Amino acid sequence: MNREEKKRAAACAALEFVIPGEPVGVGTGSTANAFIEALGGIRGRIDAAVASSKETASRLAAAGIRVVDLNAVSDLPVYIDGADECTRHRHLIKGGGGALVREKIVAEAAGKFICIVDDSKRVERLGRFPLPIEVIPMARALVARKMVRLGGRPERRVGFLSDNGNEIIDIHDLDILDPPALEADLNQIPGVVANGIFARRGADVILMATEEGIESL
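Below you will find a few notes about this structure. On a predicted model such as this, the values are computed, not experimentally measured, just so you know. Numbering of residues begins from 1 in every chain and follows the order in which that chain's sequence is written. For this predicted model, a pLDDT threshold of at least 70 governs which residues receive local features, and a threshold of 80 or more governs which side-chain atom pairs are given and counted, while totals over whole chains, interfaces and linings are taken from all residues. The side-chain quantities take in all heavy atoms of the structure and omit both hydrogens and water.

Turning next to the packing of aromatic side chains. Pairing of aromatic rings covers Phe, Tyr and the six-membered ring of Trp, with a centre-to-centre limit of 6.5 Å; geometry is then stacked below 30 degrees between planes, edge-to-face above 60, and tilted otherwise. Scanning the entire structure with this criterion turns up 1 aromatic pair. Where Y79 meets F113, the ring centres are 5.2 Å apart and the plane angle is 40°; that geometry is what we call tilted. Placement of Y79 in strand β3 (residues 76-81) and of F113 in strand β6 (residues 110-118) is noted, with a sequence separation of 34 residues between them. We note that Y79, like F113, is buried. Whether a charge sits over a ring comes down to the Lys NZ or Arg CZ being within 6 Å of the ring centre and within 35 degrees of the ring normal. Looking at K104, its charged tip hangs above the ring of F198, at a distance of 5.2 Å from the centre. Note that R157 overlies the ring of F160, its terminal NZ or CZ placed 5.4 Å from the centroid. For the purposes of this entry, the term helix denotes a DSSP run of H or I that reaches at least four residues, the term strand denotes a run of E that reaches at least two, and both are numbered from the N terminus. Working definition: with a 1.4 Å probe on protein chains only, accessible area under 20% of the residue-type maximum means buried, over 50% means exposed, and in between means partly exposed.

This is how it looks when you write it as structure tokens:
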């Protein structure tokens, strides 16, 4: 299978975690888009969807799926999303599409977080993929200097604003030895809205598409 076929396979495997009659949280990105396509085939079985970005909300609506605000949902049994990197400990880097803050919110609200990936996303240690950090614009230079002191190489995502109106800094060459600790430390820097390490609330299950089929972690 090529990568697109693997994404579709992982997306279809995630359908078994969707609870009939209940809302489902849906992530952002190419693999999440494959899940939206698969979800459209069973849209009559779900109550509604909570979107992690404006783009996802538009795609869900186009697929005939009712979109509701997270604040209108008392219980969200499951959230399904992709990742830019994942480890065997189910720690993730997310945010390549710039939706990391809303993705973290929906993941935190969900009873179970199912991550769908192809095997190209598996790493032994996080950090090969540049770590996205969403920052309040006036704090961009401050946060960048602090990242340099940590050994990272910050790069502003030029011409991009998140759905929240903030900027994204991508941190290259950062050695992430303790993902939960670094995630917490980065969030304490004034001006940081959130960072793309998903370790303190990592995935409950990773569905990884490989040449041999779906591997569940």
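Next comes the rest of the account.
To continue, consider the sheet that holds strand β7 (residues 131-135). A pair of strands is treated as paired once DSSP finds two or more bridges between them. Spatial strand order, β8-β9-β7-β10: 4 strands in an open sheet with antiparallel pairing. Two strands close off the open sheet at either side, each with one partner strand: β8 (153-156) and β10 (192-195). The sheet shows a mean angle of 30° between the axes of neighbouring strands, direction not considered. Residue contacts are counted whenever heavy atoms from the two residues lie within 4.5 Å of one another. To define axes, lines are fitted to C-alpha atoms, for helices over the stretch in contact only, and angles between the resulting N-to-C directions are given on a 0 to 180 degree scale. Contacts between helix α5 (residues 140-149) and the sheet are confined to β7, β8, β9 (167-172) and β10, with β9 contributing the most and set at about 10° to the helix. Set on the sheet, helix α6 (residues 179-187) makes contact with β7 and β10; between it and β10 the angle comes to about 165°.

Now for the pattern of salt bridges. One side-chain nitrogen of Lys or Arg within 4 Å of one carboxyl oxygen of Asp or Glu is enough to make a salt bridge. All told, the structure shown has 18 salt bridges when counted by the stated rule. Salt-bridge contacts for E55 lead to R59; the nearest nitrogen and oxygen are separated by 3.3 Å. In this pair, E55 and R59 both sit in helix α3 (residues 54-62), 4 residues apart, roughly one turn of the helix. We classify R59 as partly exposed; its relative accessible area is 39%. A salt bridge links E215 to R122, with the nearest nitrogen and oxygen atoms 3.3 Å apart.

Quick look at the environment of M208 now. Note on placement: M208 falls in strand β12 (residues 205-210). Taking relative accessible area as the criterion, M208 reaches 0% and is therefore assigned buried. Apart from the residues within four sequence positions on either side, M208 is in contact with C86, V117, D118, D119, R122, G213, I214, E215 and L217.

Strand order in the open sheet made by the 6 strands is β2-β1-β3-β6-β12-β13, with mixed pairing throughout. Of all the strands in the sheet, just β2 (49-51) and β13 (213-216) have a single pairing partner and so form its edges. Recorded for the sheet is a direction-independent mean angle of 25° between the axes of neighbouring strands. Two elements, β12 and β13, share 4 bridges in a ladder whose sense is antiparallel. Along β13, the bridge assignment pairs M208 with E215.

To continue, consider the pairing of β12. When you tally the buried positions in β12, you get 6 out of 6 residues, the bulk of the element. The alternating pattern of β12 places V205, L207 and A209 on one face and I206, M208 and T210 on the opposite face, and all of these are buried. Two strands pair when backbone bridges link them, and β6 and β12 are joined in this way by 5 bridges, in the parallel orientation. Its bridge partner being in β12, D118 is matched across the sheet by A209. Remark: 2 residues form the turn of the hairpin made by β12 and β13, two consecutive strands paired antiparallel.

For the rest of this paragraph, the subject is the pairing of β7. The buried fraction of β7 is high, at 5 of 5 residues. Neither face of β7 is left uncovered, since the one carrying L131, I133 and V135 and the one carrying P132 and E134 both have all their residues buried. Summarising the sheet, β7 and β9 pair through 5 bridges and their orientation is antiparallel. Note that in β9 the partner of V135 across the bridge is E167.

This paragraph deals with helix α2 (residues 30-40). With 9 of its 11 residues buried, α2 lies for the most part within the structure. Turning to α2, its buried residues number three or more, namely T31, A32, N33, A34, F35, I36, A38, L39 and G40. On its buried face, α2 is in contact with α1 (3-14), β1 (24-26), α3, β3 and β6.

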